Amino acid sequence: MVFCPYCYKVHTNYWRLRLHWRMHEPFECDVCYDTFKTLSDLRDHHISLHRELPFDLPFRPVSVEREE
Ligand SMILES: [Zn+2]
Ligand SMILES: [Zn+2]
């Protein structure tokens, strides 16, 4: 048995806990499904690991912003 450190809800295994964590960490990587607490964490992860920006997020690529 494992329990969530955020809300103390009990889960039968670690995999279920990981799924549950998405509730608390809504910023999910669309490539590897890792989750992050903040949007900037996700963006940093995406840029460093996948070499690109996430798709459906409320910001535009840095290159586009700089052109304007
Ligand atoms: Zn929880
Ligand atoms: Zn990822």
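Residues numbered from 1 in each chain as written. Chains lettered and ligands numbered in written order. Predicted model: local features only at pLDDT ≥ 70, side-chain atom pairs only at ≥ 80, totals over all residues.

For the protein chain, an unreviewed UniProt entry supplies the name Protein odd-skipped-related 2-like and the organism Temnothorax curvispinosus.

**Observations concerning the overall build of the protein chain**
From N to C terminus, the protein chain includes three helices and four strands. Across the protein chain, helices and strands are ordered from the amino to the carboxyl terminus as β-β-α-β-β-α-α. When each of the 68 residues of the protein chain is scored for burial, the buried share is 3%. When contacts within the protein chain are restricted to residue pairs at least 6 apart in sequence, long-range pairs at least 24 apart make up 6% of them. (Helix = DSSP H or I, 4+ residues; strand = E, 2+ residues; numbered from the N terminus. Buried ≥ 20, exposed ≤ 12 C-beta atoms within 10 Å, placed from the backbone. Contact = placed C-beta atoms within 7 Å.)

**Thoughts on helix H2 (residues 39–50)**
The end-to-end C-alpha distance of H2, which contains twelve residues, comes to 16 Å, matching closely the 16 Å that a straight helix rising 1.5 Å per residue would cover. At the exit of H2 stands Arg 51, carrying a positive phi of roughly 60 degrees. (Expected span 1.5 Å × (residues − 1).)

**A look at the UniProt feature "domain: C2H2-type" (unreviewed entry) in the protein chain**
Per the UniProt record, "domain: C2H2-type" (unreviewed entry) is found at residues 27–50. Across residues 27–50 one finds 50% helix and 17% strand; the C-alpha atoms that close the span lie 16 Å apart. (UniProt positions renumbered as here; feature names shortened; annotations may be inferred.)

**Focus on the environment of Val 31**
Along the chain, Val 31 turns up in the loop between strand S3 (27–28) and strand S4 (35–36). In sequence terms Val 31 and His 46 are 15 residues apart; their C-alpha atoms lie 8.4 Å from each other.

**Digging into the environment of His 45**
Its location among the elements puts His 45 in helix H2. Using a count of 18 C-beta atoms within 10 Å as the deciding quantity, one classes His 45 as partly exposed. Separated by eleven residues in the primary sequence, His 45 and Asp 34 place their C-alpha atoms 9.3 Å from one another. What His 45 contacts, discounting residues up to four positions off in sequence, is Cys 29, Asp 34 and Phe 36.

**A few points about unusual backbone geometry**
A positive phi is found at Tyr 8, a non-glycine position, where the angle reads about 65 degrees. Considering the arrangement of structural elements, one finds Tyr 8 in the loop between strand S1 (2–3) and strand S2 (10–11). A positive phi angle, near 65 degrees, is found at Tyr 33, a position not held by glycine. Among the secondary structure elements, Tyr 33 is positioned in the loop between S3 and S4.

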